[in-house]
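Each chain, letter by letter, is given below.
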Amino acid sequence: MIVTFYGVRGSAATPGPLTVKYGGNTSCVHIQLDNGNDLILDAGSGIRLLGHKLAKKSSPVNILLSHCHWDHIQGYPFFDPIYQPDRVINVYVSVESGRMLLNSLMVQMDGTHFPVRAEDLPSFAMPKFKGIESELYEREGIQVVRQPLNHPGGGVAYRIEDNGVRCAYVTDNELDPPHKPATRYDQWVNFLHGVDLLIHDAQYTQDDMPHRHGWGHSLISQVRHLAADAEVGTLVMFHHDPDRTDAELDEIQIENDKYLKSMRAPTRCVCAAEGMQFTLTKPFLGGFTKTDIGSEPVWKLKA
Ligand SMILES: [Zn+2]
Ligand SMILES: [Zn+2]
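An account of the accompanying structure is given in this report.

1. Remarks on the coordination of the zinc ion (ligand 1)
Note on the zinc ion (ligand 1): its protein donors are Asp71 (OD), His72 (NE2), Asp172 (OD) and His239 (NE2). The metal-donor distances range over 2.1 to 2.3 Å. Considering all 4 donor atoms around the zinc ion (ligand 1), the spread of angles at the metal, 93 to 165°, places the coordination shape in the irregular class. Read from N- to C-terminus, the donor residues coordinating the zinc ion (ligand 1) fall into the pattern D-H-x99-D-x66-H. A separation of 3.5 Å is found between the zinc ion (ligand 1) and the zinc ion (ligand 2), which are bridged by aspartate 172. Here histidine 239 lies in the loop between strand S11 (234–238) and helix H6 (246–262) and histidine 72 lies in the loop between strand S4 (61–64) and strand S5 (88–92), a separation of 167 residues in the sequence. Neither histidine 72 nor histidine 239 differs from the other in exposure class; each is buried.

2. As for the packing of aromatic side chains
Enumeration according to the criterion identifies 6 aromatic pairs in this entry. When the centroid spacing of 6.0 Å and the interplanar angle of 55° are considered together, the rings of phenylalanine 5 and phenylalanine 238 count as tilted. Taken as a pair, phenylalanine 5 in strand S1 (residues 2–7) and phenylalanine 238 in strand S11 lie far apart in primary sequence, 233 residues in all. Considered together, phenylalanine 5 and phenylalanine 238 belong to a single accessibility category, that of buried residues. Each ring, one from phenylalanine 278 and one from phenylalanine 288, has its centre 5.5 Å from the other, and the planes form 50°; the classification is tilted. Placement of phenylalanine 278 in strand S13 (residues 276–279) and of phenylalanine 288 in the loop between S13 and strand S14 (289–290) is noted, with a sequence separation of 10 residues between them. Put simply, the rings of Phe5, Tyr169, Phe238, Phe278 and Phe288 touch in pairs and so form one group of aromatic residues. It is arginine 224 that lies over the ring of tyrosine 259; its NZ or CZ is 5.2 Å from the centre.

3. Remarks on the sheet that holds strand S6 (residues 124–128)
Taken together, the 8 strands give an open sheet; going across it, the order is S6-S5-S4-S3-S2-S1-S13-S14, and neighbouring strands pair in mixed fashion. Here the strands that pair on one side only, and so sit at the sheet edges, are S6 and S14.

4. What about the coordination of the zinc ion (ligand 2)?
Note on the zinc ion (ligand 2): its protein donors are His67 (NE2), His69 (ND1), His151 (NE2) and Asp172 (OD). The metal-donor distances range over 2.1 to 2.3 Å. Classification of the site at the zinc ion (ligand 2) rests on its 4 donor atoms, whose angles at the metal span 91 to 172°, yielding the label irregular. Read N to C, the donor residues that coordinate the zinc ion (ligand 2) are spaced as H-x1-H-x81-H-x20-D. By relative accessible area, histidine 151 is classed as buried at 8%. On the basis of relative accessibility, which here comes to 2%, the residue aspartate 172 falls in the buried class.

5. Some remarks on the pattern of salt bridges
Under the criterion given, the structure shown has 13 salt bridges. Between arginine 117 and aspartate 120 there is a salt bridge, with the nearest N and O atoms lying 3.1 Å from each other. Given a relative accessible area of 36%, arginine 117 falls into the partly exposed group. Between glutamate 135 and arginine 139 there is a salt bridge, and its shortest N-O distance comes to 3.6 Å. Taken together, the positions of glutamate 135 and arginine 139, both in helix H3 (residues 132–140) and 4 residues apart, correspond to about one turn of that helix. With a relative accessible area of 24%, glutamate 135 lands in the partly exposed category. In this structure arginine 139 comes out as partly exposed when scored by relative accessible area, which is 34%. Linked by salt bridges that have partners in common, Asp208, Arg212, Asp241 and Arg244 make up one network.

Cut-off values and rules
Residues numbered from 1 in each chain as written. Chains lettered and ligands numbered in written order. Predicted model: local features only at pLDDT ≥ 70, side-chain atom pairs only at ≥ 80, totals over all residues. Heavy atoms only, no water. Donors = N, O, S within 2.8 Å, 3.2 Å for Na, K, Ca; no water. Tetrahedral: all angles 85-135°; square planar, octahedral: opposite > 155°, others 65-115°. Helix = DSSP H or I, 4+ residues; strand = E, 2+ residues; numbered from the N terminus. Buried < 20%, exposed > 50% of the residue type's maximum accessible area, 1.4 Å probe, protein only. Phe/Tyr/Trp six-rings, centres within 6.5 Å; stacked < 30°, edge-to-face > 60°. Lys NZ or Arg CZ within 6 Å of the ring centre and 35° of its normal. Pairing = 2+ DSSP bridges. Salt bridge = Lys/Arg side-chain N within 4 Å of Asp/Glu carboxyl O.

Structural data, given as structure tokens:
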């Protein structure tokens, strides 16, 4: 699979000179599966540019939502494939109160909050609440496993395996919440053990605490500790705080390298940036490339 980052920011989109290097779009990760089909993790503002690219294809699109908070759904009305006649969009929401979650994606397109109404779209959106594992296995040949997030309002993490390589997406998750966790730390270690690529929420520094304890996001120091304990191949720190500047993320990167070296952990760690692309094959050595995620809208292309 090829994993590409289109939006790496949490809570609010943050364009501007202080976020040019890592990017300001909210959560969206694209996975091109080995069979050539597409899986999208969350529909934050980053999904807009991805839509330009996917509008050039005709295959069904699979969207897995972690949860319904605004920064994970706000890009959906700007996703080009939903305006393509008969394009199939499979939206998977797998939390038990799923009907509420799905509604948040569609209800934002009610003619008032957005000028186009969901029922007027020419695409064929297929909302799914259950059966994600068997459906994706049968249709795409991948294994998907879910795990509850420690986050206000709930949500799910995903572990995806395609041809023997595994990628986990764990965003909006507080490893050490002030209440009974939906998933304990030792359960996270177990769930993530040995994954090739771990994308994990790393929104806060020690300076953000204790004020933000209980807000549903993790401390950077806790996340790198988890990655070392779970012996993951590569950790990608994700869902950067909107106030975190490029310079601060550069500093965090240096601290992460020092920590993992001192632990003698085999884990590599990078801060997520828009355009970062990992090609996961066995063995996966952790390298990534930068790709240009800006692409020409399909309606501007010459016939
Ligand atoms: Zn979020
Ligand atoms: Zn959230």
